[in-house]
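# Understanding the architecture of this molecule
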Amino acid sequence: MTATQELTMVKGNEALGEAAIRAGCRYFFGYPITPQSELPAYMARRMPEVGGTYLQAESELAAINMVLGASAAGVRVMTSSSSPGFSLKQEGISYMVGSQLPAVIVNVMRGGPGLGNIQPSQGDYFQMVKGGGQGDYRLIALAPATVQELVDLTGLAFDLADKYRNPVGILGDGLLGQTMEPVAFPAMRPRPDYRDDGLTGAKGRAKRIFTSLHLDAEALEQLNHKLQAKFKLMEEEVRWEEVHCDDAELVLVAYGTTARICRAAVEAARKLGLRAGLLRPITVWPFPSEPLARLAEGGVSRFLAVEMSAGQMVEDVRLAVLGRGEVHFYGRYGGMVPTPREVLGQIQQLLGGASK
Amino acid sequence: MKQIIGVPESLSKVSSHYCPGCSHGVVHRLIAEVLDELGVRESTVGVASVGCSVLAYNYFETDFVQAPHGRAPAVATGVKRANPDLTVFTYQGDGDMAAIGTAEIIHAAARGEKFTAIMYNNTIYGMTGGQMSPTTLMGAVTATTPNGRGPEAGMPYRMAELLAQAPGAVYVARTHVADLGNIVKTKRAIKKAFELQLKGLGFTMVEVLGNCPTNWGISPEESNQYVRDELVPAFPLGELKDVTKEVAGVHA
């Protein structure tokens, strides 16, 4: 990272906005929803300063389709929302995957289902990771745990979107969005040119079409073959972090805010002599199944998935472990955030350490 | 020798999927002629909608993007905002614009987005097999109003009038293509809409009343008669808004 080493105290949502601009994003289409509202507000103020465009859409449906249009025109573009609004974007996301259009889509998750509340949650894992819209598709989904990582992964998100001509998701939660932390921003990248596949008018070349419609079944199967091959390539982008996993008897699996809580719990467990570790997916899709499988084969007999949900990521942990170890789950939801003490209690239950 | 007839450069030399007698092809040709005459084919991006005209991108020699159902105005907003040098138009039916896409079109007009929306209003869903649309006339029999549209199914409303009141709309017209004279008038309206877009004045829209012989279950000639006799009284023709004329009026 070519960082300007100066540290600034920034709120997660605003840090994300600045990181997007520094990655060359000049188009933002959004709709107000808590707890991500600071991000569009930041973009509304900042975009004009850098010659960019901020537009408040009439709905999340409109916002994602403005993103679709801007991406078709060949620019770096982004939208953000929180859970209920993210649901409304699913149709557009599916169309963008089918039309092979890149963009960055942020979901600062809040409690659900329905209107739920505005507290932090991880209840949209299925929607982001398994595909919330129609058809067979995948999104690379990045799950930062700190504001600094949010900044770093935002730049990466734009690069991966362009590389694979596919939307990339950033999966945060209300806590991360609202947290203020010192961050180092990367240097400002120059505003990128229009993508070479963008719709710039059929001047001196054949016309270009972005569509996801293929009425002929064979043609649509061919497109799906192509997409599946691309998703296979995208699996190489898997990223994760391991903490104290080398000698661990129990490995916690958690992402985002929950991973920070689990890290504190694991450190506390170590002080008690309990051999707990943490595997933190940084990409929730592709999911770090191989490192989990390696740990299971290497003798880790117990895993504990911790989520701010009723158990979504835990399904991927089970698929990775494939019966080679016990998979346990601890979740808080509805906007409740687990405390390190609670998680430590779970570790102690599983490793037999006395509660202190 | 001067060429007086031919295929516009902006129109693809392919046969279309449209039914015999359908007027979509007429409207496509008028748009293509206008793009040729304004010299903007190479800087145009069309936005296709969902419905019979979903394949419009196969029939124009311009770049195209296909939008989700009803969202063409939002997609067009994104395209135009990303590259204001482009000439952008949507091509939508009454189901796409007046039902599922009502929010997107109204807000595009309200914001004065600088693209041209073409609405082909034939008062029915064609692609899905002839269901009632928001503009279906009272009493009309469709697949989903087997006994004729009654008040329990709502009443038709006028999209062009609705959009004309938006401050960001600078040109809104309603025409029909059921006879030669009105085909010429339709082209004039479409050309005016694109001209005002190119001047950067704001949102422009032309609602074209057209037929659907297949789903109305009548011959092409009878369907054009239906447009003239039934649709025109329900959806009055004319330029509902033209800010260039209003300005001229002030100075007159």
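The preceding data block contains the structure.
As a starting point, this report considers the structure included with it. Numbering of residues begins from 1 in every chain and follows the order in which that chain's sequence is written. Note on labels: chains are lettered from A, ligands numbered from 1, in written order. Local features in a predicted model are, by the rule used here, given only for residues with pLDDT of at least 70; side-chain atom pairs are given and counted only at 80 or more, and totals for whole chains, interfaces and linings are based on all residues.

## Looking at the overall build of chain B
Heads up, the rule is: Secondary structure elements are taken from DSSP: a helix is a run of H or I of four residues or more, a strand is a run of E of two residues or more, and numbering for both begins at the N terminus. Our radius of gyration is a C-alpha quantity, and the globule rule it is checked against amounts to 2.2 Å times the number of residues to the power 0.38. To sort residues by burial, count the other C-beta atoms lying within 10 Å of each one's C-beta; a count of 20 or more means buried, 12 or fewer means exposed, and anything in between means partly exposed. C-beta atoms are built from the backbone. Here the contact rule is simple: place C-beta atoms from the backbone, and any two residues whose C-beta atoms are within 7 Å are in contact.
Looking only at helices and strands, chain B features nine helices and nine strands. Here chain B has a C-alpha radius of gyration of 17 Å; the compact-globule value for 252 residues is 18 Å, and the two agree. Considering only C-alpha atoms, chain B reaches an extent of 50 × 45 × 40 Å along its principal axes. Residue burial in chain B is summarised as follows: out of 252 residues, 55% are buried. A fraction of 67% describes how many contacts in chain B between residues 6 or more apart in sequence connect residues 24 or more apart.

## Points about the nonpolar core
Under the convention used in this document: In plain words, the nonpolar core is the set of buried Ala, Val, Leu, Ile, Met, Phe, Trp, Tyr and Cys residues that C-beta atoms within 7 Å link up.
By size, the foremost hydrophobic cluster in this structure holds 185 residues, and its most contacted members are A:Val104, A:Leu142, A:Val251, A:Val284, B:Val79 and B:Ile118. When residues no more than four places from it in sequence are discounted, the contact partners of B:Ile118 are B:Val27, B:Ile31, B:Phe89, B:Thr90, B:Tyr91, B:Ile190, B:Val206 and B:Val208.

## Overview of the interface of chain A and chain B
So the rule is basically this: Put simply, Ala, Val, Leu, Ile, Met, Phe, Trp, Tyr, Cys and Pro go in the nonpolar bin, Asp, Glu, Lys and Arg in the charged bin, and everything else, Gly too, in the polar bin.
Listed per partner, the contact involves 33 residues of chain A and 28 residues of chain B. Elements with a contribution of two residues or more to the side of chain A that touches chain B: strand 2 (27-30), strand 3 (53-56), helix 3 (60-72), helix 5 (90-99) and strand 9 (209-210) of chain A. Broken down by element, the residue count for the side of chain A that touches chain B peaks at nine residues, all from helix 3 of chain A. The residue makeup of the side of chain A that touches chain B, split by class, is 19 nonpolar, nine polar and five charged.

## Some points on helix 9 (residues 217-234) of chain A
Quick note on the threshold: To estimate the expected span of a helix, subtract one from its residue number and multiply by 1.5 Å.
In a regular helix each residue adds 1.5 Å, so 18 residues correspond to 26 Å; helix 9 of chain A covers 25 Å between its end C-alpha atoms and thus fits that length. The buried fraction of helix 9 of chain A amounts to one of the 18 residues, a small share that puts the element mostly on the outside.

## Comments concerning unusual backbone geometry
Residue and element names in this part refer to chain A. Put simply, Thr 34 and Pro 35 share a cis peptide bond, and its omega is 10°. That bond from Trp 285 to Pro 286 is cis: its omega, -5°, falls within 30 degrees of zero. Positive phi values are uncommon outside glycine, yet Arg 165 reaches one of about 50°. Despite not being glycine, His 244 has its phi angle at roughly 55°, a positive value. Within the secondary structure, His 244 sits in the loop between strand 10 (240-243) and strand 11 (250-253). For His 244, a count of 17 C-beta atoms within 10 Å gives the class partly exposed.

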